[in-house]
Amino acid sequence: MQPTDPTPATSNINVRRGEPLVVVDDVNKHYGDLHVLKDINAVVNRGEVVVVIGPSGSGKSTLCRAINRLETIDSGVISIDGKELPAEGKALAKLRADVGMVFQSFNLFAHKTVLENVTLGPIKVRGMSRKDAETKAMELLERVGVANQAKKLPAQLSGGQQQRVAIARALAMNPKVILLDEPTSALDPEMINEVLEAMIDLANDGMTMVVVTHEMGFARKAADRVIFMADGEIIEEATPEQFFTNPQSSRAKDFLSKLITH
């Protein structure tokens, strides 16, 4: 045990690439009698990739959606870049524009082309000219490998292509952080890798990301930090190396052993 101790300390220095960007402070959330988030405290630093994992029903997606106020919270504070997330109104819309969101089910506008899907936010919310928005959109579609699909409607694309368009759409807003809620769970197995590769590229570029996923390979490869949740609580937080090789809690050990035996 002794020789491995220095590793987490040194890797921790690299993890703290910037000041705190997303701060979740003592957050609680109930659905009726069900206590889905219990006194959650978490920090995501600028340029950091935090992967949230855990069994179904552990509160992972609720936490992810609460950071964008798509889920209201009962108590506690969530702040982004030093500003507390307002409950509603224009201030919330303004702050939300800094938080990109990629959903499990893509959520693209079916009646708009790929290019229109990606340019809509920058034109309407950021006030960008159509020409500039389209130039930027094409660069982003190129970056995620679907520039040749720009004139098509979402229904003409595979699931993997649609999810990569959704990632480009989130990036088009120049967000400070991107939240990805189970971005590969609706995809066929052969499409998962193309989306994960796009996400790994973003991570390598220093994009701040919070990713809820059951893709452990991605967590090992791209995460600076893994947060393990169960029953609405954060049970464990560690570097991927620490978490996957030496989980501290019985819940994490049980979770990982079930993954490995499948």
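Thresholds applied
Residues numbered from 1 in each chain as written. Predicted model: local features only at pLDDT ≥ 70, side-chain atom pairs only at ≥ 80, totals over all residues. Heavy atoms only, no water. Helix = DSSP H or I, 4+ residues; strand = E, 2+ residues; numbered from the N terminus. Rg over C-alpha atoms; globule rule 2.2 N^0.38 Å. Buried < 20%, exposed > 50% of the residue type's maximum accessible area, 1.4 Å probe, protein only. Contact = heavy atoms within 4.5 Å. Areas by Shrake-Rupley, 256 points an atom, 1.4 Å probe, with all protein chains shown as cover. Phe/Tyr/Trp six-rings, centres within 6.5 Å; stacked < 30°, edge-to-face > 60°. Patch = residues over 30% accessible without salt bridge, like charges linked within 9 Å, V, L, I, M, F, W, Y side chains within 5 Å. Salt bridge = Lys/Arg side-chain N within 4 Å of Asp/Glu carboxyl O. Lys, Arg positive; Asp, Glu negative; His and termini not counted. Charge placed at Lys NZ, Arg CZ, Asp CG, Glu CD. Pairing = 2+ DSSP bridges. Axes fitted to C-alpha atoms, helices over the stretch in contact; angles between N-to-C directions. UniProt positions renumbered as here; feature names shortened; annotations may be inferred. Core = buried A, V, L, I, M, F, W, Y, C linked by side-chain atoms within 4.5 Å.

If you tally the helices and strands in the protein chain, you get 10 helices and 10 strands. Relative to its length of 262 residues, the protein chain is compact, with a C-alpha radius of gyration of 19 Å against a globular reference of 18 Å. Along the three orthogonal principal directions, the C-alpha set of the protein chain runs to about 60 × 40 × 35 Å. For the protein chain, the proportion of its 262 residues judged to be buried stands at 51%. By sequence separation, contacts in the protein chain at least 24 residues apart represent 67% of the contacts at least 6 residues apart. About 12800 Å² of surface is accessible on the protein chain, with carbon and sulfur atoms providing 51% of the total.

A few words on the packing of aromatic side chains. The final tally for this structure, using the stated rule, is three aromatic pairs. Ring centres of Phe228 and Phe243 lie 5.7 Å apart, and the angle between their planes is 35 degrees; on these two criteria the pair is classed as tilted. In this pair, Phe228 sits in strand 9 (residues 225-230) while Phe243 sits in helix 9 (residues 240-245), placing the two residues 15 residues apart along the sequence. For the pair shown, Phe228 and Phe243 are each scored as buried.

With that out of the way, let us pick up a negative patch on the surface. Together, Asp25, Asp26, Asp39 and Glu233 line one region of the surface with negative charge. Summarising the element assignment, Glu233 is placed in strand 10 (residues 233-238).

What follows deals with the sheet that holds strand 1 (residues 20-31). The antiparallel open sheet is built from four strands, whose spatial order is 2-1-4-5. The strands lining the two open edges of the sheet, one partner per strand, are strand 2 (34-45) and strand 5 (83-84). Note: strand 1 against strand 4 (residues 75-80), five bridges, orientation antiparallel. By the bridge assignment for strand 4, Val23 is matched with Ser79. In the packing of helix 2 (residues 60-67) onto the sheet, the strands contacted are strand 1, strand 2 and strand 4, and the crossing angle to strand 1 comes to about 120 degrees.

Okay, the UniProt feature "domain: ABC transporter" (unreviewed entry) in the protein chain next. In the numbering used here, UniProt assigns the "domain: ABC transporter" (unreviewed entry) feature to residues 22-256. When the span residues 22-256 is considered, its composition is 38% helix and 26% strand, and the gap between its end C-alpha atoms is 27 Å.

Right, let's get into the pairing of strand 10. Taken together, the five bridges between strand 9 and strand 10 define a ladder with antiparallel strand orientation. For Ile227, the partnering residue across the bridge sits in strand 10 and is Glu237. Here strand 9 hands over to strand 10 after two residues, with Asp231 in that stretch at a positive phi of 50 degrees.

This brings us to the nonpolar core. Grouped together as the largest cluster of nonpolar side chains are 53 residues, with contacts concentrated most on Ile53, Leu141, Ile167, Met199, Met209 and Phe243. No other element matches the nine residues that helix 7 (residues 189-204) contributes to this core. Leaving out residues up to four positions away in the same chain, Ile167 has contacts with Val102, Val144, Leu180, Val195, Ala198, Met199 and Leu202. Core analysis: the second largest hydrophobic core is formed by 29 residues, Val22, Leu92, Leu95 and Ile227 among them.

Here the focus is unusual backbone geometry. One can expect most non-glycine residues to show negative phi and most peptide bonds to be in trans. For Arg69, which is not glycine, the phi torsion reads 60 degrees and is therefore positive. The class of Arg69 is buried, set by a relative accessible area of 15%. Phi is positive for Asn107, which is not a glycine, with a value near 55 degrees. As for its placement among the helices and strands, Asn107 is situated in the loop between strand 6 (99-102) and helix 4 (114-124).

Within a beta sheet, neighbouring strands are joined by backbone hydrogen bonds and run either parallel or antiparallel to one another. Here six strands make up an open sheet; going across it, the order is 6-7-8-3-9-10 and the pairing mixed. A strand with exactly one partner marks an edge of an open sheet, and here the two such strands are strand 6 and strand 10. The mean inter-strand angle of the sheet, taken between neighbouring strand axes irrespective of direction, is 20 degrees. By the bridge criterion, four bridges tie strand 3 (residues 49-53) to strand 9 in an arrangement that is parallel. By the bridge assignment, Ile53 is partnered in strand 9 with Phe228. Helix 7 contacts strand 3, strand 7 (177-181) and strand 8 (209-212) of the sheet and is inclined by roughly 150 degrees relative to strand 8.

On to the pattern of salt bridges, then. Between side chains of opposite charge, a pair can form as their charged atoms come close. Taken as a whole and assessed by the stated rule, the structure comprises 13 salt bridges. Here Glu71 ties to Arg65 by a salt bridge, and the two come within 3.7 Å at their closest N and O atoms. Classification of Glu71 as buried rests on a relative accessible area of 17%. Notably, a salt bridge pairs Glu194 with Arg164, separated by 2.9 Å at the nearest N-O pair. In this pair, Glu194 sits in helix 7 while Arg164 sits in helix 6 (residues 159-171), placing the two residues 30 residues apart along the sequence. With a relative accessible area of 25%, Glu194 lands in the partly exposed category. Connected through salt bridges with shared partners, the residues Glu19, Arg46, Asp81, Asp98, Arg126 and Lys176 form a single ionic network.

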